[in-house]
Amino acid sequence: MLGQQLANGLILGATYALFALGFTLMFGVIRVINLVYGFYFTAGAFIALYLTRNLGWPMAVAFPAAAIASGVMAIGIDGLLLTRLRRVGAPELASLMVTLGAVLALYATATALLGPDIKRFPASVIGAEAMEFAAIRITQAQVLILLATIVLVGGLLALMHGTRLGLALRAMAENPDAAGLMGIDTIRLAALVSFISGALAGAGGVLIGLNFNAIQPYMGEAMMLRGFVVIIVGGLGDIRGALIAGLLLGIVEVLTAGYIASGLKEAVAFAILVAVLWSRPAGLFGRAVTRRA
Amino acid sequence: MSSLIVEGLAVSYGRTEALKGIDLRVEEGQVVCLIGANGAGKTTAMRALSGLVSPRAGRIVFDGADIAGLRPHRIAGLGLRQVPEGRQVFAELTVAENLALGAWLVTDPAETARRRDRVLARFPRLAERAHQVAGSLSGGEQQMLAFGRALMGAPRLLLLDEPSMGLAPILVDEIFAIISALKAEGTTILLVEQNASAALEVADHAYVLETGRIVLEGPAADVASNPKVVAAYLGG
Ligand SMILES: Nc1ncnc2c1ncn2[C@@H]1O[C@H](COP(=O)(O)OP(=O)(O)O)[C@@H](O)[C@H]1O
Ligand SMILES: [Mg+2]
């Protein structure tokens, strides 16, 4: 029973980590709290739903396609909203308000167009068969979630720490002006970061949609709250911190739901947030002024 | 031939006019210094030359092309390189990574390696600390790294914004020795300093900036003996 709960928690936490990684990457490199981010999560889920249900694509193709489409959408929306705000050096509160307004408008539009009701992937897509390892049941969807998370997180870490482009991103995270002096085109890199983070959010949306088989326009909003918990607990801009905090949050939620009460899982998540910030204002793993992207 | 010609350069931050239309010129192979009190607008001028702030008016002609308003990476690509005020090394990256970033635009690894060897020969301390993060270096070492990083870009014009700021006197001497050595090798340099006596000693030509305007210019020796400069900047 506990083993099963831990496995479920780990799988849920993997999606939280994936989602939070994009959010923390964006904050770490571009230094904006972009509230539109949650919408890319919703977008990914709906695009995958459309591709599988309406076009009959297999999930193995629809999943990366939905992630890429979410990333492209992020380049467009972020470019429109954030490039100008950064160019005029808008205060942080301004970007918070602009992105909040934009995301509410986007959710409302999506609801009007797609309807507020919960939608589901066709049964043939989710793969109902389950495997058993040592009395722990894991569905095919859960296997996909784990594999996708490992591949995407590994890819992101390899990009950041093993490539020239990653070096430029880390330089830009630390000091965008100095990065410009090195000959780095910071606007182009910002677009790349939008793409990567949008794609991670979109991938997260597909995977959560699969995990619970429930898709509706405001699903990104509930996810954003968790995204905040994960990146703040993990330390703003810290990739490894977000990974660990995401996994922990998933496990805590599943254990709370299983052993205490399912209605309390959000309360527990936010109690942890408050406790962590109260005792360690820089986050669980963060140094005070760090941007370990 | 002129490396840099600035005409009527004006920069504002909102309603603050930091530069009110300045003219200056740097000839190839020269060291030109720009001296002035804190807040005179020296850093603003350097940032405008590198494209980090957009000029409100004026022309910046570098190697014959108007670069006013170009984005920083384009200007860096033309060979106008800067050691910014306060060093601004990437503190969380290693010394080697900082140097690699200086040659970001170089696509030929052999060329990058050649430049790195030259920089490390000039600053052996950086070789010893290649795998340490830059934030763990002393102030003097960080300034060497900032120089090395700029030199990795093979500058056709090197901007130095208060390279001696915040350093102990012995290190200040070392910095000016480096500037003299670069000058002897023919590097074209625009040097901003509050340490006016040392700057005027190494420079060929000098400008004095006061609240956004050039109030005096001339051969460095003449500026250094000007009574007003002696009184205001040389502690006379
Ligand atoms: N980012 C900024 N926003 C507003 N005012 C600024 C900014 N940077 C500099 N200033 C103002 O512009 C003037 C010139 O500053 P600066 O170029 O840094 O002078 P210096 O380098 O000669 O000390 C000062 O009055 C300073 O307060
Ligand atoms: Mg200054």
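The structure reproduced in this document is the subject of the present report. (Residues numbered from 1 in each chain as written. Chains lettered and ligands numbered in written order. Predicted model: local features only at pLDDT ≥ 70, side-chain atom pairs only at ≥ 80, totals over all residues. Heavy atoms only, no water.)

1. A word on helix 9 (residues 186-212) of chain A
Residue pairs spaced three or four apart in an α-helix point in one direction, given the helix's 3.6 residues per turn. All names here are of chain A. The following threshold applies: Helix and strand assignments come from DSSP, with helices taken as H or I runs of at least 4 residues and strands as E runs of at least 2, each series counted from the N terminus. Expected span, for any helix, means 1.5 Å times one less than how many residues it has. Partly exposed describes any residue whose relative accessible area lies between the buried limit of under 20% and the exposed limit of over 50%, with all areas from a 1.4 Å probe on protein chains only and scaled to the type maximum. Side-chain atoms alone can form a polar contact between residues adjacent in sequence; in general such a contact is a pair of N or O atoms within 3.5 Å, and within protein one must be able to donate a hydrogen while the other accepts it.
In this model helix 9 runs 38 Å from its N-terminal to its C-terminal C-alpha over 27 residues, within 8% of the 39 Å that 1.5 Å per residue would give. In terms of residue burial, helix 9 counts as a mostly covered element, since 20 of its 27 residues are buried. The N-capping residue of helix 9, defined by a side-chain oxygen 3.2 Å from the backbone nitrogen of Ile187, is Asp185. In the stretch just after helix 9, Asn213 is the one whose phi turns positive, near 45 degrees.

2. Quick look at the interface of chain A and chain B
Just so we agree on the cut-off: Two residues qualify as a contact provided that any one of their heavy atoms is within 4.5 Å of a heavy atom in the partner residue. The term buried area means the drop in 1.4 Å probe accessible area that two parts suffer when joined, counted for both and summed. Any carboxyl oxygen of Asp or Glu that lies within 4 Å of a side-chain nitrogen of Lys or Arg is treated as forming a salt bridge with it.
Facing the 23 residues of chain A at the interface are 24 residues of chain B. Interface area, chain A with chain B, both sides summed: about 2,100 Å², of which 59% is carbon and sulfur. The largest share of the area that chain A buries against chain B comes from Glu174, Leu181 and Met182 of chain A, three residues that together contribute 35% of it. Counting across the interface, chain A meets chain B through 3 salt bridges.

3. Things to note about the coordination of the magnesium ion (ligand 2)
All names here are of chain B. For clarity, the cut-off: Each metal site is built from N, O and S donor atoms within 2.8 Å (3.2 Å for Na, K and Ca), and since water is not included, such sites may look incomplete.
Protein coordination at the magnesium ion (ligand 2): the donors are Thr43 (OG1) and Glu85 (OE), at 2.0 to 2.1 Å from the metal. Linking Thr43 in helix 1 (residues 42-50) with Glu85 in the loop between strand 6 (80-83) and helix 3 (95-102), this pair joins segments that are 42 residues apart in sequence. Thr43 sits in the partly exposed class, given a relative accessible area of 22%.

4. Considerations on the pattern of salt bridges
All told, the structure shown has 17 salt bridges over all chains when counted by the stated rule. With a shortest N-O distance of 3.9 Å, Lys42 of chain B and Glu162 of chain B are connected by a salt bridge. In this pair, Lys42 of chain B is assigned in helix 1 and Glu162 of chain B in the loop between strand 7 (157-161) and helix 7 (169-184), connecting sequence segments 120 residues apart. Grouping residues by exposure puts Lys42 of chain B and Glu162 of chain B together as buried. Of the charged contacts, one joins Arg114 of chain B and Glu111 of chain B as a salt bridge, the two residues approaching to 2.8 Å between their closest N and O atoms. Taken together, the positions of Arg114 of chain B and Glu111 of chain B, both in helix 4 (residues 109-122) and 3 residues apart, correspond to about one turn of that helix. One salt-bridge network, in which partners are shared between bridges, spans Arg226, Glu253 and Glu266 of chain A.

5. Structural notes on the site of ligand 1
Residues and elements named next belong to chain B. The test is simple: Neighbouring residues are identified by heavy atoms, a residue being near a molecule or strand if any of them is within 4 Å of it. Areas reported as accessible are Shrake-Rupley estimates using a 1.4 Å probe. Residue values count occlusion only from the protein chains shown. When residue character is reported, Ala, Val, Leu, Ile, Met, Phe, Trp, Tyr, Cys and Pro are called nonpolar, Asp, Glu, Lys and Arg charged, and the others, Gly included, polar.
In the vicinity of ligand 1, the contacting residues are Tyr13, Ala18, Ala37, Asn38, Gly39, Ala40, Gly41, Lys42, Thr43 and Thr44. Thr43 is positioned with one of its side-chain polar atoms (N or O) 2.8 Å from an oxygen atom of ligand 1. Surface burial for ligand 1 is 59%, taken as the share of its 560 Å² of free accessible area covered by protein chains. Among the elements that make up the shell around ligand 1, the one with the highest residue count is helix 1 (3 residues). Partitioning the shell around ligand 1 into residue classes produces 4 nonpolar, 5 polar and 1 charged.

6. Comments concerning the packing of helix 1 (residues 2-30) of chain A against helix 6 (residues 140-162) of chain A
Residue and element names in this part refer to chain A. For the record, the criterion: Interaxial angles span 0 to 180 degrees and are taken between N-to-C directions of axes, which are lines fitted to C-alpha atoms, for helices over the stretch in contact. Should the near helix be turned anticlockwise from the far one by less than a right angle, the crossing is left-handed, and should it be turned clockwise, the crossing is right-handed.
Here helix 1 crosses helix 6 at 35 degrees, and the two axes come no closer than 9 Å. Crossing geometry of helix 1 relative to helix 6 is assigned as left-handed. Contacts from Asn8, Ile11, Ala14, Thr15, Leu18, Leu21 and Leu25 in helix 1 reach Gln142, Ile145, Leu146, Thr149, Leu152, Val153, Leu156 and Met160 in helix 6. Classifying every residue of the contact of helix 1 with helix 6 by side-chain character gives 11 nonpolar, 4 polar and no charged.

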